Amino acid sequence: FFSLGVITRGLYSYYLKKENKSEALHLLWLQWSGVTIFSVIYGIGIPLSVSVYVGILSYFMAIQYDFFTKVHGLPYGSIFMTGNVRLLAANMTQFFITKDKKYIHSINIYLLLIVLFVVGGILSVTLGELIGHWTMIVSSLLLGIVCMMVKMYE
């Protein structure tokens, strides 16, 4: 499913570029639509196997992971934090070795990404306790807000 998401993103991006359309906005709308449908199906409790739910989520997360790869010009992982932890440690090491202040910016960005990921995890667990299967709809709402913001600034 993850590979299919990457393939979908690649084909869709190719089509969008040929048509001179905004890649970011269209990919966000595609992801938002999928996550929203997934969230509603999960929220109402349609009995599908865990593998199907994980597969569907993996498909849409691959679209995000493969397209949104930089923040402030720095590479980052939008789904998996291990790469960000590695890059934080590498930049900290380079700063301690060279004392070059250019690494401070990167350290701050990666530290913020990691902290926000942890906060997101804590909020997800808390929401899971409060609203159960409907927790995913909050992600869908946040993604919808991002879509609107991108549309406003496009």
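Residues numbered from 1 in each chain as written. Predicted model: local features only at pLDDT ≥ 70, side-chain atom pairs only at ≥ 80, totals over all residues. Heavy atoms only, no water.

Peer 1: Help me out: how do you make sense of the packing of aromatic side chains in this one?
Peer 2: When we look at a pair of aromatic rings, we describe it by the centre distance and by the angle of the planes. One pass over the structure, following the stated rule, counts six aromatic pairs. Aromatic side chains Tyr59 and Phe60 sit 4.9 Å apart centroid to centroid with 90° between the ring planes, which places their arrangement in the edge-to-face category. For Phe60, a relative accessible area of 13% puts it in the buried group. The structure contains a cluster of three or more aromatic residues connected by ring pairs, namely Phe38, Tyr42 and Tyr53. (Phe/Tyr/Trp six-rings, centres within 6.5 Å; stacked < 30°, edge-to-face > 60°. Buried < 20%, exposed > 50% of the residue type's maximum accessible area, 1.4 Å probe, protein only.)

Peer 1: Explain the side chain of Ser140 here, please?
Peer 2: Tracing the sequence through the fold places Ser140 in helix 6 (residues 135-152). On the accessibility criterion, Ser140 (2% relative accessible area) is buried. Setting aside anything within four residues of it in sequence, one finds Ser140 in contact with Trp32, Val35, Thr36 and Ser39. (Helix = DSSP H or I, 4+ residues; strand = E, 2+ residues; numbered from the N terminus. Contact = heavy atoms within 4.5 Å.)

Peer 1: How should I be thinking about the environment of Thr36 in this particular structure?
Peer 2: Positionally, Thr36 belongs in helix 2 (residues 23-43). Put simply, Thr36 and Met136 are 100 residues apart on the chain and 8.2 Å apart in space, counted from C-alpha to C-alpha. In this structure the side chain of Thr36 is engaged in a polar contact, spanning 2.3 Å, whose partner is the side chain of Ser140. (Polar contact = N/O pair within 3.5 Å; in protein donor to acceptor, adjacent residues only side chain to side chain.)

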